[in-house]
Amino acid sequence: MLGDFKKFTSKQITKAIIEHPGESRKEWMLKIFKEAGERNSRNSNYQFWQQDNQPKIIYTPDFAAQKLEYIHNNPVEAGIVEKGEEYIYSSARDYFYGKQCGLLKIEFLL
């Protein structure tokens with residue numbers, strides 16, 4: 001199930017990056033994903049997700065909010081943007097504005 005999620009989302013996100021005409025970091029991101037894919041014998045192209053993971057079951061709304069905040073803050077921690085909602089590939093935009101406005105359609109958790 002997690003593998004199916006990773007496969008589906010990586011294809012959708014990579015496609016969105018390739019097809020977005022205004023993405024200034026397109027070549028840089030695709031180069032990183034391509035190099036990661038070349039280091040993985042189980043991958044034939046781009047690698048978006050890390051191979052190792054430690055999935056956690058989300059039992060409470062508070063735990064879901066904590067994980068969502070962590071995910072939305074990743075581009076900020078990486079120094080890509082100052083605010084999570086500024087990152088064009090993040091659902092933080094949808095949560096911040098309270099409506100579907102990002103590149104990918106999402107299901108709101110909270």
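Each value, and the rule that gives it
Residues numbered from 1 in each chain as written. Predicted model: local features only at pLDDT ≥ 70, side-chain atom pairs only at ≥ 80, totals over all residues. Heavy atoms only, no water. Phe/Tyr/Trp six-rings, centres within 6.5 Å; stacked < 30°, edge-to-face > 60°. Lys NZ or Arg CZ within 6 Å of the ring centre and 35° of its normal. Helix = DSSP H or I, 4+ residues; strand = E, 2+ residues; numbered from the N terminus. Expected span 1.5 Å × (residues − 1). Buried < 20%, exposed > 50% of the residue type's maximum accessible area, 1.4 Å probe, protein only. Arc of directions from axis to C-beta. Polar contact = N/O pair within 3.5 Å; in protein donor to acceptor, adjacent residues only side chain to side chain. Contact = heavy atoms within 4.5 Å. Core = buried A, V, L, I, M, F, W, Y, C linked by side-chain atoms within 4.5 Å. 1 Å grid on protein atoms, 1.4 Å probe; cavity = no way out; pocket = protein on both sides within 12 Å on 5 of 7 lines; lining within 4 Å. Points joined across faces, edges and corners; volume = space filled by probe spheres on them. Nonpolar A, V, L, I, M, F, W, Y, C, P; charged D, E, K, R; others polar.

Draft legend 1. Main features of the packing of aromatic side chains. Under the definition given, this model contains six aromatic pairs. Relative to Tyr97, the ring of Phe96 lies with its centre 4.9 Å away and its plane at 90 degrees, an arrangement referred to as edge-to-face. Through a chain of ring-to-ring contacts, the aromatic side chains of Phe5, Phe33, Phe48 and Trp49 assemble into a single cluster. The ring of Tyr46 carries Lys34 above its face, with NZ or CZ at 5.9 Å from the centroid.

Draft legend 2. Local environment of helix H1 (residues 2–19). In a regular helix each residue adds 1.5 Å, so 18 residues correspond to 26 Å; H1 covers 26 Å between its end C-alpha atoms and thus fits that length. Residues of H1 that are buried include every one of Lys6, Thr9, Ser10, Ile13, Thr14, Ala16 and Ile17, and no others. One side of H1 carries all its buried residues, which in axial view fall inside an arc of 155 degrees. Pointing more than 90 degrees away from the buried face of H1 are the exposed residues Asp4, Lys7, Phe8, Lys11 and Glu19.

Draft legend 3. Geometry of the environment of Lys83. If you trace the backbone, Lys83 turns up in the loop between helix H3 (61–77) and helix H4 (92–97). Here the alpha-carbon distance between Lys83 and Arg93, two residues 10 residues apart in the chain, equals 9.7 Å.

Draft legend 4. Structural view of the side chain of Glu23. Among the secondary structure elements, Glu23 is positioned in the loop between H1 and helix H2 (26–38). Of note is the side chain of Glu23, whose polar atom sits 3.4 Å from the side chain of Tyr89. Ignoring anything within four residues of it in the chain, the contact list for Glu23 reads Met29, Ile88 and Tyr89.

Draft legend 5. Layout of the nonpolar core. The biggest cluster of nonpolar side chains holds nine residues, and these are Ile13, Ala16, Ile17, Met29, Leu30, Phe33, Val81, Tyr87 and Tyr89. Those elements that place two or more of their residues in this core are H1 and H2. With near-sequence residues (within four places) excluded, Met29 lies in contact with Ile17, Glu23, Tyr87 and Tyr89.

Draft legend 6. Structural detail: the layout of surface pockets. Approximately 2300 Å³ is the volume found for the largest pocket. Along its surface, the largest pocket is lined by 49 residues, and Phe5, Ile13, Phe48, Trp49 and Ile71 are the ones closest to its centre. Mapped onto the lining of the largest pocket, the elements with two or more residues apiece are H1, H2, H3 and H4. For the lining of the largest pocket, the element with the most residues is H3, which contributes nine residues. In terms of residue class, the lining of the largest pocket is made up of 31 nonpolar, 11 polar and seven charged. Lining of the second largest pocket is provided by 16 residues; of these, Lys6, Lys7, Ser10, Asn43 and Tyr46 occupy positions nearest its centre. Of the residues belonging to the lining of the second largest pocket, the class tally is three nonpolar, nine polar and four charged.

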